[in-house]
Amino acid sequence: MNENSRPDPPTEVFVAHRNLLFTIAYEMLGSVADAEDVLQETWLRWVGVDLDTVRNKRAYLVRIITRQALNRLRTLTRRKESYVGPWLPEPLLTAPDVAEDVELADSVSMAMLLVLETLTPTERAVFVLREVFEIPYGEIAEAIGKPAATVRQIARRAREHVAARRPRVQVSRAEQQAVVERFLLALQTGHLRELLEIMAPDVVLIADGGGLVAATRAPIHGAELVAKLLARLNRVVATFETTTVWLNGAPAGRIEIDGELAALSLVVENGRITQIYAMANPRKLARLDEPAELAR
């Protein structure tokens, strides 16, 4: 590549940190579409910056995307108040090697994103920046516009909140994949007993159709009710196909029901499924063809 074909300095810097910025935005927002919008807004602000005045370019970009994500997060909070049925994060197609970074995979897991939903926007920003990306307190303070001492207090409060709600049992990716494959096979065959055996007695199914497709409007509790609902699926549709994919850093399920797409993320504890997150809202399933590139 000759000298004239190289990207300009702002573009080079932005591209070098793009995956990090996207990952921060996604973990703060739980939405691929909104993370991409915030990334674009960050770029538009970045190209107007005089780079000669920026000492730490990574920190500056993190500050921009954090502020943009916080603005968007407050808008999303209002939007969720009128959402039809349960709201689930937008599933993220990831490469299997994301699981090798255990902390990163855990931070983008569906279960963790739902825990982060219970934080205030500021708490979520501080937790993500400090606990996942190990951003110094001083840089976080600049990003959210609060004193460093206050940021430390917010971080401690957010850590305690997350620790009390996050899944306590960690399973290997091999175990997760074995359970997912067994579950998808039982789902495709409609085998009621197999479904009952692979789910914990207190399993919970949460479905997100966004009011656009048929989905339960409230969580379903208990293995018997969940198994009966799932076993009935392949008897009332013409075509039903299941595939194991990697979503949010873990093995999960991709389902096509009469040509309509759905995604399933499962929480596994002690070899059995305790949570089933079913995403059927088509607006949240439009980006499942290309794995996202994450970084921290």
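Residue indices follow the written sequence of each chain, beginning from 1 at its first position. In view of the model being predicted, local features appear only for residues whose pLDDT reaches at least 70, and side-chain atom pairs are presented and counted only at 80 or more, with totals across whole chains, interfaces and linings using the full set of residues. Working from all heavy atoms in the structure, the side-chain values ignore hydrogens and water.

## Some details on unusual backbone geometry
Link 1 in the chain: Positive phi, close to 55°, is recorded for N248, a residue that is not glycine.
Link 2 in the chain: When you line up the elements, N248 lands in the loop between β3 (240-247) and β4 (250-257).
Link 3 in the chain: Throughout this description, buried means an accessible area under 20% of the type-specific maximum (1.4 Å probe, protein chains only), exposed means over 50%, and partly exposed covers the range between. You can call N248 buried: its relative accessible area is 2%.
Link 4 in the chain: Even without glycine at this site, N270 takes up a positive phi of about 55°.
Link 5 in the chain: Strands here mean DSSP runs of E at least two residues long; helices mean DSSP runs of H or I at least four residues long; both are numbered from the N terminus. Residue position: N270 is located in the loop between β5 (260-269) and β6 (272-279).

## Focus on the nonpolar core
Link 1 in the chain: In these notes, a set of buried Ala, Val, Leu, Ile, Met, Phe, Trp, Tyr and Cys residues joined through side-chain atoms within 4.5 Å is what counts as a nonpolar core. One finds F22, I24, Y26, M28, W46, L116 and L294 to be the most contacted residues of the largest nonpolar core, which totals 56 residues.
Link 2 in the chain: At the level of secondary structure, the elements contributing two or more residues to this core comprise α1 (9-29), α2 (32-46), α3 (57-80), α4 (102-107), α5 (110-116), α6 (121-132), α7 (137-144) and α8 (148-165).
Link 3 in the chain: The element that contributes the greatest number of residues to this core is α1, accounting for 10 residues.
Link 4 in the chain: If you look at the next biggest cluster of nonpolar residues, it comprises 29 residues, including I198, V203, A223 and I255.

## Observations concerning the sheet that holds strand β1 (residues 199-208)
Link 1 in the chain: Strand order in the open sheet made by the six strands is β2-β1-β6-β5-β4-β3, with mixed pairing throughout. Edge positions in the sheet fall to β2 (220-221) and β3, since each of these pairs with one other strand and no more.
Link 2 in the chain: Here, any two strands with at least 2 DSSP bridges between them count as paired. Pairing of β4 with β5, which is carried by five bridges, proceeds in the antiparallel orientation. What sits directly across from G253, in β5, is L264.
Link 3 in the chain: Contacts from helix α11 (residues 223-233) reach β1, β2, β3 and β6, with the element oriented near 55° to β1. Here, residues are in contact when the closest pair of their heavy atoms is within 4.5 Å. Lines are fitted to the C-alpha atoms to define the axes, a helix being fitted only along its stretch in contact, and any angle between axes, read from their N-to-C directions, falls within 0 to 180 degrees.

## Some thoughts on the environment of A141
Link 1 in the chain: With respect to the secondary-structure elements, A141 resides in helix α7.
Link 2 in the chain: Counting along the chain gives 15 residues from A141 to V126, while the straight-line C-alpha distance between them is 8.8 Å.

## Here we look at the side chain of S265
Link 1 in the chain: Structurally, S265 can be placed in strand β5.
Link 2 in the chain: On the basis of relative accessibility, which here comes to 6%, the residue S265 falls in the buried class.
Link 3 in the chain: When near neighbours in sequence (up to four residues on either side) are disregarded, S265 contacts M110, L247, A252, Q275, I276, Y277 and M279.

## Describing the side chain of K284
Link 1 in the chain: Relative to the elements of secondary structure, K284 occurs in the segment after β6.
Link 2 in the chain: Within the local environment of K284, its side chain forms a polar contact with the side chain of D208, the two groups lying 2.6 Å apart.
Link 3 in the chain: When sequence neighbours within four positions are dropped, the list of residues in contact with K284 reads Y83, W87, L88, E90, P91 and D208. The term polar contact refers here to a pair of N or O atoms within 3.5 Å; inside protein, the definition further demands a hydrogen-donor-capable atom paired with an acceptor-capable atom, and it admits residues adjacent in sequence only when both atoms are side-chain atoms.

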